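Survey of secondary and tertiary structure
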Amino acid sequence: MQSQYDLNLILNPTLSGEQLQTEKDYISNAVQNAGAEVTNLDDAGNRRMAYPIQKDREGYYLMYTIKASGDPEKDIAASLRLRDNVRRVLVVKDRPEWKTKKA
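I will try to describe carefully the structure that is included in this document. (Residues numbered from 1 in each chain as written. Predicted model: local features only at pLDDT ≥ 70, side-chain atom pairs only at ≥ 80, totals over all residues. Heavy atoms only, no water.)

1. Some thoughts on the pairing of strand E3 (residues 56–68)
As paired elements, strand E1 (residues 3–11) and E3 share 9 bridges and run antiparallel to each other. Each residue of the ladder has a partner; that of Leu11, found in E3, is Tyr60. In this sheet, E3 lies alongside strand E2 (residues 37–53) in antiparallel orientation, the contact comprising 11 bridges. Among the inter-strand pairings, Glu37 is bridged to a residue of E3, identified as Lys67. Where E2 hands over to E3, the hairpin turn is made up of 2 residues, of which Gln54 adopts a positive phi near 50°. (Pairing = 2+ DSSP bridges. Helix = DSSP H or I, 4+ residues; strand = E, 2+ residues; numbered from the N terminus.)

Quick look at the structure:
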């Protein structure tokens, strides 16, 4: 059974358009190679971070929604962390009760 996950990444903020597309393609391939599928991509662009990472005050934010079975933290995130331009990777299981508004 496939569950829905949020895959959040922070990339190097100084990437050119061509380098950024290369990273996006690599991420998509990593997700597909793990047997998962991308259902949504929210490209937030360069944003200021709360604290510097590798002396950068900004980061390029990508938020993917993926459907995966197994352990995407191990399968996908581990390979993405090896990339030079990837600053942070976070995989969170999507839980429907988090989206409901409390009255």
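2. Overview of the pairing of E1
In this structure, E1 lies alongside strand E4 (residues 86–93), joined through 7 bridges in antiparallel fashion. Residue Leu9 lies in a different strand from E4, and its bridge partner there is Val89.

3. Here's the deal with the nonpolar core
Soluble globular proteins: nonpolar side chains tend toward being buried together. In this structure, Leu7, Leu9 and Leu80 are the most contacted members of the largest nonpolar core, which totals 21 residues. Elements with a minimum of two residues in this core: E1, helix H1 (17–33), E3, helix H2 (72–80) and E4. Here this core takes 5 residues from E3, the largest share from any one element. (Core = buried A, V, L, I, M, F, W, Y, C linked by side-chain atoms within 4.5 Å. Buried < 20%, exposed > 50% of the residue type's maximum accessible area, 1.4 Å probe, protein only.)

4. Focus on the side chain of Arg87
Looking at the secondary structure, you find Arg87 in strand E4. Since its relative accessible area comes to 12%, Arg87 is described here as buried. Among the polar contacts listed, one links the side chain of Arg87 to the side chain of Gln54, at a separation of 2.7 Å. Of note is the side chain of Arg87, whose polar atom sits 3.4 Å from the backbone oxygen of Asp84. Beyond its immediate chain neighbours, meaning those up to four positions away, Arg87 contacts Ile10, Leu11, Asn12, Ile53, Gln54 and Asp56. (Polar contact = N/O pair within 3.5 Å; in protein donor to acceptor, adjacent residues only side chain to side chain. Contact = heavy atoms within 4.5 Å.)

By themselves, these observations are geometric and do not establish any function.
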